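Chain and residue survey
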Amino acid sequence: ASRRVGYREHGPYAARLCTACHKPNSLSELVVPREQLCFQCHPLMREKKVVHGPLASGGCLACHDPHSSQYRYFLLSDSDEFCFHCHEQSAVARVAAHTGDVSQCTTCHDPHMSDNEYLLR
């Protein structure tokens, strides 16, 4: 099968290690609750003062695809406008610090956690 440019598969999925995440003989049941699953292999310590809502609730899949993606970091869509799936672009544009291009959010904001308000780096 041909691959799209930039297309990548998550390690366990690429190696067909389905049981790393799914219970044997059941692709719908996970080995641990969904909000704990990613932390089995990705120990992201949530020790900062401000933690992004999806991460705080274990909702990694709100932003990342657990199997494969053509986008960096296994994001669900292009990162240039990714944040606007949840954050209203017109509201973000009204913030004085956002004059000009507001499509590169992660230049100033950490997408996971920060010790600064608004997840500023």
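Report follows, based on the coordinates. (Residues numbered from 1 in each chain as written. Predicted model: local features only at pLDDT ≥ 70, side-chain atom pairs only at ≥ 80, totals over all residues. Heavy atoms only, no water.)

Here the focus is the overall build of the chain. Assigned secondary structure in the chain consists of 4 helices and 4 strands. Each helix and strand of the chain, ordered N terminal to C terminal, gives the series β-α-α-β-α-β-α-β. Structurally, the chain occupies a C-alpha span of about 55 × 35 × 20 Å along its principal axes. Here the chain, with 121 residues, has 21% of them falling under the buried criterion. In the chain, of all internal contacts separated by at least 6 residues, the share reaching a separation of at least 24 is 38%. Roughly 8,700 Å² of accessible area belongs to the chain as shown, and the carbon and sulfur atoms make up 56% of that amount. For the chain, the distance from the average site of its 12 positive side-chain charges to the average site of its 13 negative ones is 6 Å. (Helix = DSSP H or I, 4+ residues; strand = E, 2+ residues; numbered from the N terminus. Buried < 20%, exposed > 50% of the residue type's maximum accessible area, 1.4 Å probe, protein only. Contact = heavy atoms within 4.5 Å. Areas by Shrake-Rupley, 256 points an atom, 1.4 Å probe, with all protein chains shown as cover. Lys, Arg positive; Asp, Glu negative; His and termini not counted. Charge placed at Lys NZ, Arg CZ, Asp CG, Glu CD.)

Positionally, Phe39 belongs in the loop between helix H2 (34-37) and strand S2 (50-51). Using a relative accessible area of 18% as the deciding quantity, one classes Phe39 as buried. Sequence separation between Phe39 and Thr99 is 60 residues; the distance between their C-alpha atoms is 36 Å. Contact partners of Phe39, with chain neighbours within four places excluded, come to Leu44, Arg46, Leu55, Gly58 and Cys60.

On to the packing of aromatic side chains. For the coordinates displayed, the defined rule picks out 0 aromatic pairs. The ring of Tyr13 has Arg16 lying over it, and the distance from NZ or CZ to the ring centre is 4.8 Å. (Phe/Tyr/Trp six-rings, centres within 6.5 Å; stacked < 30°, edge-to-face > 60°. Lys NZ or Arg CZ within 6 Å of the ring centre and 35° of its normal.)

Bringing unusual backbone geometry into the picture now. Despite not being glycine, Arg16 shows a phi value in the positive range, around 55°. Even without a glycine there, the phi angle at Asn25 is positive, about 65°. In this fold, Asn25 is placed in the loop between helix H1 (11-14) and H2. Residue class for Asn25 comes out exposed when judged on its relative accessible area of 87%.

Opposite charge on two side chains permits pairing when their charged atoms draw close. If you walk through the whole model with that rule in mind, you get 4 salt bridges. Here Lys23 and Glu29 are joined by a salt bridge, their closest N and O atoms 3.7 Å apart. The class of Glu29 is partly exposed, set by a relative accessible area of 42%. (Salt bridge = Lys/Arg side-chain N within 4 Å of Asp/Glu carboxyl O.)

The full count for this structure, using the stated rule, is 0 disulfides. Cys60 supplies the cysteine sulfur nearest to Cys38, a cysteine that is in no disulfide, at a spacing of 4.0 Å. Just so you know, Cys41 is unpaired, no disulfide at all, and the nearest cysteine sulfur is the one on Cys21, 6.5 Å from it. What makes Cys41 exposed here is its relative accessible area of 57%. (Disulfide = S-S within 2.5 Å.)

Right, let's talk about the side chain of Ser26 for a bit. With respect to the helices and strands, the residue Ser26 is situated in the loop between H1 and H2. In this structure the side chain of Ser26 is engaged in a polar contact, spanning 3.2 Å, whose partner is the backbone nitrogen of Glu29. (Polar contact = N/O pair within 3.5 Å; in protein donor to acceptor, adjacent residues only side chain to side chain.)

Bear in mind that shape data such as this cannot, by itself, settle questions of function.
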